[in-house]
Amino acid sequence: MKIVNSIKSFNTTKPTIVTIGTFDGVHLGHRKIIDQITTNAHRLDCESLVLTFFPHPRMILQEDTEMKQLNTLEEKIALLENLGVDNLVIHPFDKEFSRLTAEEFVKEVLVDTFKVKKIIIGHDHRFGRNRTANIDDLIAFGETYNFDVEQISAQEINEVSISSTKIRNALIEGSIELANNYLGYNYSLTGIVSKGKQLGRTIGYPTANLKIEESYKLIPSNGVYIAKSIIDETTVYGMMNIGIRPTVDGTSQTIEIHFFDFNKDIYNQKITISLLKRIRSEQKFESIDGLKAQLGLDKMAAQDYISQL
């Protein structure tokens, strides 16, 4: 996959089949659209092209909104590459770009730069200054500039329309299995393993503390999760706690995972942890012994679940 970091840097000798969007999550609905552009590109001897934006447009246009995202940019790139996209254009979204009129965008970007032969978009796509243009405008532009337009309806994407917002809400509520069903893969967190206070080690549950650099990455609700990771090409399972650790008077959120049957030193390594199921919400126990007893029950529940995978 060819990755270009601005529209101006892109050039091609072949016509393209294009789709446009933020594609946060690269969920099943997005995949329906991307499958269409890759299939059309192969059939029409064109190249497939995804135009996306970073930062997320809402982070620029609604500055007072704290926008949490399902994917880091690195995660989004990897997901799109796995779907067989030929070209990924990641354009830096800013207020100047947002002021392009619909026709300026179509003529300067789609026609002159991308050499678009066909554009395939979702059922709710709007574009141009203040997002005033819709599918009917795009079809009219297609007739003027000689490219085809195909719209994927909500019904085609899924009987229940999948949206990034629905997935975010599911994660905020701790419904990790529902989120994973919408995504079509397991939601994951990637970060550097750092040393914590090592309290877990003293009660028989040593943990790896995960530090996530991207502040815009959405962290699911506090609680205990069954999780897995691939470390040194080996799949390892464990239980992860997201929370403030109230039993030991913690005040800031941490992400800690206890891996089962694993004793390698992974400090300072970058790892990805996939969340499979939420066991329970975070609790405050009367004593460390109470916490230890609950962790034993959590481990049994996790291992029972894993044995059935």
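All values reported here derive from a predicted model rather than from experimental measurement.

### Section: the pattern of salt bridges
Part 1 of the argument: Tallied over the entire structure, the rule returns 10 salt bridges.
Part 2 of the argument: Across the pair Arg-245 and Glu-256 runs a salt bridge, and its minimum N-O distance is 4.0 Å. Placement of Arg-245 in the loop between β10 (234-243) and β11 (254-259) and of Glu-256 in strand β11 is noted, with a sequence separation of 11 residues between them. For the pair formed by Arg-245 and Glu-256, the shared burial category is buried.
Part 3 of the argument: For Arg-280, the salt bridge identified is with Asp-298, shortest N-O distance 2.7 Å.

### Quick word on the sheet that holds strand β6 (residues 148-151)
Part 1 of the argument: With parallel pairing, six strands are arranged side by side in an open sheet as β1-β4-β3-β2-β5-β6. Lying at the two open borders of the sheet, with one neighbouring strand each, are β1 (2-4) and β6. Mean inter-strand twist for the sheet, computed between neighbouring axes without regard to direction, equals 20 degrees.
Part 2 of the argument: The pairing of strand β2 (residues 16-20) with strand β3 (residues 47-54) spans five bridges and is parallel. Bridge assignment links Ile-17 to a residue of β3, and that residue is Ser-48.
Part 3 of the argument: Across the sheet, helix α6 (residues 135-145) touches β5 (116-121) and β6, and the angle it forms with β6 is around 155 degrees.

### What to know about the packing of aromatic side chains
Part 1 of the argument: Taken as a whole, this structure holds seven aromatic pairs when the rule is applied.
Part 2 of the argument: Aromatic pair Phe-53 and Phe-97: ring centres 5.6 Å apart, planes at 45 degrees, arrangement tilted. One end of the pair, Phe-53, is in strand β3; the other, Phe-97, is in helix α4 (residues 95-98), with 44 residues separating them in the sequence.
Part 3 of the argument: Since its relative accessible area comes to 9%, Phe-53 is described here as buried.
Part 4 of the argument: Looking at Phe-97, the relative accessible area reads 13%, which means it is buried.
Part 5 of the argument: With 6.3 Å between their ring centres and 85 degrees between their planes, Phe-97 and Phe-105 make a pair best called edge-to-face. For the pair Phe-97 and Phe-105, one class covers both residues: buried.

So, how was this worked out
Residues numbered from 1 in each chain as written. Predicted model: local features only at pLDDT ≥ 70, side-chain atom pairs only at ≥ 80, totals over all residues. Heavy atoms only, no water. Salt bridge = Lys/Arg side-chain N within 4 Å of Asp/Glu carboxyl O. Helix = DSSP H or I, 4+ residues; strand = E, 2+ residues; numbered from the N terminus. Buried < 20%, exposed > 50% of the residue type's maximum accessible area, 1.4 Å probe, protein only. Pairing = 2+ DSSP bridges. Axes fitted to C-alpha atoms, helices over the stretch in contact; angles between N-to-C directions. Contact = heavy atoms within 4.5 Å. Phe/Tyr/Trp six-rings, centres within 6.5 Å; stacked < 30°, edge-to-face > 60°.

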